[in-house]
Amino acid sequence: MKTNSSFGVWPHVAAIIYSEGGVFGLVDCNSFYCSCERLFRPELRTRPVVVLSNNDGCVISRSKEAKEFGIQMGEPAFLRKDFFAANNITVFSSNYALYGDLSRRVMNELSHFSPDVEVYSIDEAFLGFSGFPKDTLPAIAKRIYKKIPKNTGIPVSVGMGPTKTLAKLANHLAKKKDEYRGIYIIDSEESREAALKQVSVADIWGIGPAYARKLEAVGITNAWEFAKANKHWIRKHLTVVGARIAYELNSIECSSLVTVDPAKKTISVARSFSSMKDTREALEGAVATFASAAAYNLRKQKGYTNLIRVFVHTNQHRSDLEQYGCNTIVPLPVQMQDTIKIVRYALHGLRKIYKRGLQYKKAGVILDQIRLESDQQNDLFDNFNRDRDEKISEAMDKINARYGKSKVKLAVASKQNAWSLRQENLSPRYTTRWQDIPIVLS
Amino acid sequence: MHFDEKQFSKPPFFTDRVYPFINPVRAGFPSPAAEYLESVLNPTDLLIPNPDSTFWARVLGNSMEDVFVRNDDLIIVDRSLEPRNGHVVVCTYDGTFLTKILRIEGRKRTLVSGNPLYPPIPITNENEFQLWGVASCSCHNLLGGWGVRSR
C-alpha cells in the first residue's frame with residue numbers, strides 16, 4: 001500500500017506536536033506477580049519464576065528467566081508440569097492478597113509524582129504531566145524508575161509521550177530493549193520516529209491479532225508505517241477504533257486520563273472447579289458462592305443490578321465425556337443489591353439450565369445492567385421486604401469485614417464440597433497477615 | 001413453659017408505626033469538653049511514617065540482643081530510608097533475610113552483630129548481598145518473662 005509523505009494526511013500535526021498539550025507517562029511493573037513473590041524470596045531473585053492463574057490453570061506471569069525458557073503467556077500449567085520440575089522453575093499459585101497490597105503501595109507511591117494518576121490495571125498506571133516543564137520529565141522518569149523499586153520492592157519501567165498510546169508504546173520499548181534501561185521518553189519528532197519504527201503493529205496498544213493480520217496483509221508492519229497510513233483506509237478497515245490509535249500515534253490526543261474509578265456496568269464471578277461436579281447441590285453451592293461474592297462487590301460500588309446471567313459448562317478438554325454448556329438470563333422484577341435476593345434468582349437460573357448426569361467443570365454468575373443507587377425506583381407491586389433484606393446484607397458485610405471473608409454466608413453457599421480453589425503452591429500473605437510476615441535471621 | 005415468641009423478638013415500642021420524631025431534643029448543659037475533643041493516639045502514626053514502604057518481619061535468633069532486637073521480636077522495616085553507618089538493616093545474604101548493624105568505613109561495608117558471640121561479616125563480591133530495608137523499630141513483648149537477660 002502506498003502511504004503519504006510524513007504529514008501528508010495530517011498537515012496540521014507538525015504544528016501542534018510538543019507545544020501545548022499534555023504529556024502522559026505509563027508506569028508498568030515488570031513481571032508484577034513474579035516480582036511480588038520474589039520480594040520475599042531473595043534466593044529466587046535471578047531464578048526463573050512463574051505464577052499460575054486462579055485454580056492453577058495456566059501461566060499468567062513469567063519472570064525474565066522463565067520467558068527465556070520459552071514459556072508462553074497463558075500456557076496450560078498441567079502440560080508444563082514436568083518441564084517446570086526438570087528446569088528448576090519455581091511455580092506459584094496466584095496470591096491476590098499479596099499482589100493487591102503491593103499494587104496499592106505502588107499506586108500510592110506513584111501519586112507522589114503527579115496529581116493525576118489513572119490506575120489502569122493491577123500493575124500499570126497512567127500519569128498526567130500536563131503543565132510540567134518539558135525539560136523536567138527525564139528527571140521525573142528517572143526518579144520513578146529508582147524510587148518505586150526501592151520503596152516497594154517492585155521493579156518498573158517508565159514510558160512517556162504526548163498521548164496515552166505513545167506513552168504505552170514508549171513503555172513497551174523501555175521494557176523490551178535493554179539499552180533504554182527501563183525508560184523511554186517521546187519528547188521530540190526524532191524520538192517518536194525512532195520509537196514507532198521499532199514497534200511492530202501487533203504490539204501497538206489496542207491493535208488485536210485480527211487488525212494486525214489485516215495491516216500486515218497490506219504491508220504495514222511497524223507502528224511508523226501505520227501512523228503514516230491513509231486515514232480513510234484505516235477508518236474503513238479498522239473502524240474508528242483503529243483511526244483513533246493512528247491519531248494518537250501522531251501525537252493527537254484522543255483519550256484523556258480516567259482518574260476516578262468508573263463504576264462497573266457488569267460484575268462477573270466465575271471459576272473452574274478443582275474437581276468436576278455432577279450433582280445439582282454441588283453446583284448450587286458454587287453458584288450461590290459466586291452470586292454472594294458478586295453481590296458484595298455490587299454493594300461496594302453502591303450499585304443495583306437489573307439482570308443476572310448464569311452459566312455452566314463441562315470440561316472441553318475431556319473429549320471422552322459428554323459436552324454441554326448453557327447460559328441463561330434472569331431478568332429481575334426490581335433492581336436489587338442484596339445477597340439473599342441475588343442468590344435466589346441466580347439459583348433459579350441455574351435450575352433452568354442444569355442437566356443431570358454431566359460432569360461440570362465451570363460455572364459463573366454475571367450481574368448486568370448495573371445502575372447507581374440514585375436511579376433506584378421502587379416497583380408499585382414490589383412485595384419484597386426490601387428494608388429487611390438490605391439490612392441483613394449490610395450486617396453480613398460488617399461481620400465479614402471484621403472477622404474475615406465469608407465468616408457468615410447463606411447456608412446454600414456453604415454446601416459440602418461446594419467449590420474450592422486448587423492452590424498447590426500458594427505463598428504466605430507476607431504483608432496482610434501477622435502469622436505470615438517474613439522471618440529475618442539474627 | 002409457654003411464651004409468645006413475637007413478644008421477645010420485638011420490643012413493644014418499635015412497632016411498624018412511624019413516630020414523628022425528627023431529631024433528639026437536647027436539654028441541659030452542653031459538655032464543656034466538646035470543643036477540645038481530639039482523635040485518640042494512633043501508634044501507627046508514630047511508628048510507621050511511610051506505610052507504603054513499610055513491612056513487618058519477625059526476628060529469629062539472638063545476635064542482635066545488645067541493640068534491643070531479640071529473638072521473636074517484631075521489627076518494622078522501612079525501605080524508603082537511606083541505610084547509613086550504624087543503622088540496623090535487613091539484608092539478603094546468600095538467599096536468606098538477615099538483620100545486622102551496617103558498618104560503613106570508606107568503601108568497606110561490614111555487617112556487625114549486636115552480640116559479642118558473633119563475628120562481623122565482611123561484605124564482599126563473593127556472596128550474594130543486597131540491602132532490603134532499614135529496621136526502624138523493634139517491638140518486644142514484655143509479657144514474655146524475659147525481662148532480665150540470663151547472660
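Quick notes on the rules
- Residues numbered from 1 in each chain as written.
- Chains lettered and ligands numbered in written order.
- Predicted model: local features only at pLDDT ≥ 70, side-chain atom pairs only at ≥ 80, totals over all residues.
- Heavy atoms only, no water.
- Helix = DSSP H or I, 4+ residues; strand = E, 2+ residues; numbered from the N terminus.
- Buried < 20%, exposed > 50% of the residue type's maximum accessible area, 1.4 Å probe, protein only.
- Contact = heavy atoms within 4.5 Å.
- Areas by Shrake-Rupley, 256 points an atom, 1.4 Å probe, with all protein chains shown as cover.
- Rg over C-alpha atoms; globule rule 2.2 N^0.38 Å.
- pLDDT = per-residue confidence, 0-100.
- Pairing = 2+ DSSP bridges.
- Axes fitted to C-alpha atoms, helices over the stretch in contact; angles between N-to-C directions.
- Salt bridge = Lys/Arg side-chain N within 4 Å of Asp/Glu carboxyl O.
- Buried area = accessible area lost by both parts, 1.4 Å probe.
- Nonpolar A, V, L, I, M, F, W, Y, C, P; charged D, E, K, R; others polar.
- Polar contact = N/O pair within 3.5 Å; in protein donor to acceptor, adjacent residues only side chain to side chain.
- Disulfide = S-S within 2.5 Å.
- Lys, Arg positive; Asp, Glu negative; His and termini not counted.
- Expected span 1.5 Å × (residues − 1).
- Patch = residues over 30% accessible without salt bridge, like charges linked within 9 Å, V, L, I, M, F, W, Y side chains within 5 Å.
- Charge placed at Lys NZ, Arg CZ, Asp CG, Glu CD.

## Comments concerning the overall build of chain B
Link 1 in the chain: A tally of helices and strands in chain B yields two helices and seven strands.
Link 2 in the chain: For chain B, with 151 residues in total, the buried portion stands at 30%.
Link 3 in the chain: Restricting the contact set of chain B to residue pairs at least 6 apart, pairs at least 24 apart contribute 54%.
Link 4 in the chain: Carbon and sulfur atoms provide 59% of the accessible area of chain B, an area that totals close to 11,600 Å².

## Brief notes about the overall build of chain A
Link 1 in the chain: Of regular secondary structure, chain A possesses 14 helices and 14 strands.
Link 2 in the chain: For 442 residues, the compact-globule estimate of 2.2 N^0.38 gives 22 Å, and chain A sits close to it at 25 Å.
Link 3 in the chain: Its C-alpha atoms give chain A principal-axis dimensions of roughly 65 × 65 × 50 Å.
Link 4 in the chain: Sorting the 442 residues of chain A into buried and exposed places 48% on the buried side.
Link 5 in the chain: Only carbon and sulfur atoms are counted for the fraction: they give 51% of the accessible area of chain A, which is about 21,800 Å².

## Some details on the confidence of the model for chain B
Residue and element names in this part refer to chain B.
Link 1 in the chain: Overall, the prediction assigns chain B a mean pLDDT of 83, with 78% of residues at 70 or greater.
Link 2 in the chain: Note on residues 1-15: pLDDT under 50 across the span, and three contacts to partners over four residues away in sequence or across chains.
Link 3 in the chain: Predicted complex metrics record ipTM = 0.76 and pTM = 0.76.

## Quick word on the sheet that holds strand β8 (residues 183-185) of chain A
Residue and element names in this part refer to chain A.
Link 1 in the chain: Spatially, the five strands line up as an open sheet ordered β5-β6-β1-β7-β8, and their pairing is mixed. With one partner strand each, in any of the chains shown, β5 (116-121) and β8 form the two edges of the open sheet. For this sheet the average axis-to-axis angle between neighbouring strands, irrespective of direction, equals 15°.
Link 2 in the chain: Contacts between helix α5 (residues 96-110) and the sheet are confined to β1 (24-29), β5 and β6 (124-128), with β6 contributing the most and set at about 10° to the helix.

## Side note on the pairing of strand β4 (residues 90-93) of chain A
All names here are of chain A.
Link 1 in the chain: Of the two faces of β4, the one holding Thr90 and Phe92 and the one holding Val91 and Ser93 are both buried throughout.
Link 2 in the chain: Here four bridges tie strand β2 (residues 49-52) to β4, and the two strands are oriented parallel to one another. Counted as the bridge partner of Val49 is Thr90 from β4.

## Comments concerning the pattern of salt bridges
Link 1 in the chain: For the structure shown, the criterion picks out 24 salt bridges over all chains.
Link 2 in the chain: A salt bridge links A:Arg41 to A:Glu43; the shortest N-O distance between them is 2.8 Å.
Link 3 in the chain: Judged by relative accessible area, which is 35%, A:Glu43 ranks as partly exposed.
Link 4 in the chain: A salt bridge links A:Arg192 to A:Glu189, with the nearest nitrogen and oxygen atoms 3.0 Å apart. With a gap of three residues between them, A:Arg192 and A:Glu189 both fall in helix α8 (residues 189-198), about one helical turn apart.
Link 5 in the chain: A relative accessible area of 1% places A:Arg192 in the buried class.
Link 6 in the chain: One connected set of salt bridges, linked through shared partners, spans A:Asp101, A:Arg104, A:Arg105 and B:Asp52.

## Considering the pairing of strand β2 (residues 74-78) of chain B
Residue and element names in this part refer to chain B.
Link 1 in the chain: Of all five residues in β2, five are buried; the element is thus mostly enclosed.
Link 2 in the chain: Neither face of β2 is exposed, since Leu74, Ile76 and Asp78 on one face and Ile75 and Val77 on the opposite face are all buried.
Link 3 in the chain: Bridging between β2 and strand β7 (residues 129-139) involves five bridges; their strand directions are antiparallel. Bridging across to β7, Leu74 finds its partner in Cys139.

## Some words on the interface of chain A and chain B
One widely used convention gives an interface's size as the accessible area the parts lose upon coming together.
Link 1 in the chain: Counting residues at the interface gives 23 residues for chain A and 30 residues for chain B.
Link 2 in the chain: Summed over both sides, the interface between chain A and chain B buries roughly 2,400 Å², with carbon and sulfur atoms accounting for 56% of that surface.
Link 3 in the chain: When the area that chain A buries against chain B is broken down by residue, the three leading residues are A:Lys150, A:Val440 and A:Ser442, summing to 30%.
Link 4 in the chain: On inspection of chain A and its partner chain B, the count reaches two salt bridges.
Link 5 in the chain: Residues B:Glu128 and A:Arg45 are paired through a salt bridge, measuring 2.6 Å at the closest nitrogen-oxygen approach.
Link 6 in the chain: Top contributing element to the side of chain A that touches chain B by residue count: α5(A), with five residues.
Link 7 in the chain: A per-class count over the side of chain A that touches chain B returns eleven nonpolar, six polar and six charged.
Link 8 in the chain: Strand direction decides the pairing type here: strand β14 (residues 439-441) of chain A and strand β1 (residues 54-60) of chain B, joined by three bridges, are parallel.

## Overview of the sheet that holds β4(A)
Paired through backbone hydrogen bonds, the strands of a sheet run either parallel or antiparallel to each other.
All names here are of chain A.
Link 1 in the chain: Pairing within the open sheet is mixed, and its three strands lie in the order β3-β2-β4. With partners counted over all chains shown, the strands left at the sheet margins are β3 (59-62) and β4, one partner each. Along the sheet, successive strands turn relative to each other by an average axial angle of 25°, direction set aside.
Link 2 in the chain: Contacts from helix α2 (residues 32-39) reach β2, β3 and β4, with the element oriented near 115° to β2.

## Quick word on the environment of B:Asn71
All names here are of chain B.
Link 1 in the chain: In this fold, Asn71 is placed in the loop between β1 and β2.
Link 2 in the chain: Classification of Asn71 by relative accessible area gives partly exposed; the value is 43%.
Link 3 in the chain: With 13 residues separating them in the primary sequence, Asn71 and Arg58 have C-alpha atoms 8.3 Å apart.
Link 4 in the chain: The contact partners of Asn71, leaving out residues within four places of it in the chain, are Val59, Leu60 and Gly61.
Link 5 in the chain: Polar contacts involving the side chain of Asn71 include one to the main-chain amide nitrogen of Gly61, which spans 2.9 Å.

## Here we look at the state of the cysteines
Link 1 in the chain: Overall, the coordinates contain zero disulfides over all chains when judged by the stated rule.
Link 2 in the chain: We note that A:Cys29 lacks a disulfide partner, and the nearest cysteine sulfur, in A:Cys36, lies 7.5 Å from it.

## Quick look at the side chain of B:Asp73
Residue and element names in this part refer to chain B.
Link 1 in the chain: Inspection of the secondary structure puts Asp73 in the loop between β1 and β2.
Link 2 in the chain: Despite its burial, Asp73 pairs with no opposite charge, the nearest such side chain being Arg70 at 5.4 Å.
Link 3 in the chain: Here the side chain of Asp73 touches Arg70 through a polar contact of 2.8 Å, landing on its backbone nitrogen.

## A look at helix α13 (residues 339-353) of chain A
For the α-helix, the turn length of 3.6 residues means that residues three or four positions removed from each other point alike.
Residues and elements named next belong to chain A.
Link 1 in the chain: The first and last C-alpha atoms of α13 sit 21 Å apart over 15 residues, in line with the 21 Å expected at 1.5 Å per residue.
Link 2 in the chain: Those residues of α13 that sit buried are Thr339, Ile340, Lys341, Ile342, Val343, Tyr345, Ala346, Leu347, Gly349, Leu350 and Ile353.
Link 3 in the chain: Residues of α13 that are buried in the fold lie against α12 (280-300), β10 (303-314), β11 (325-336), β12 (360-368) and α14 (386-403).

## Let's talk about a nonpolar patch on the surface
Link 1 in the chain: Nonpolar side chains collect at one region of the surface, where A:Ile439, A:Leu441 and B:Leu60 lie side by side and expose about 250 Å² of accessible area between them.
Link 2 in the chain: Residue position: B:Leu60 is located in strand β1.

## Thoughts on a positive patch on the surface
Link 1 in the chain: Together, A:Lys142, A:Arg143, A:Lys146 and A:Lys147 line one region of the surface with positive charge.
Link 2 in the chain: As for its position among the elements, A:Lys147 is in helix α6 (residues 137-152).

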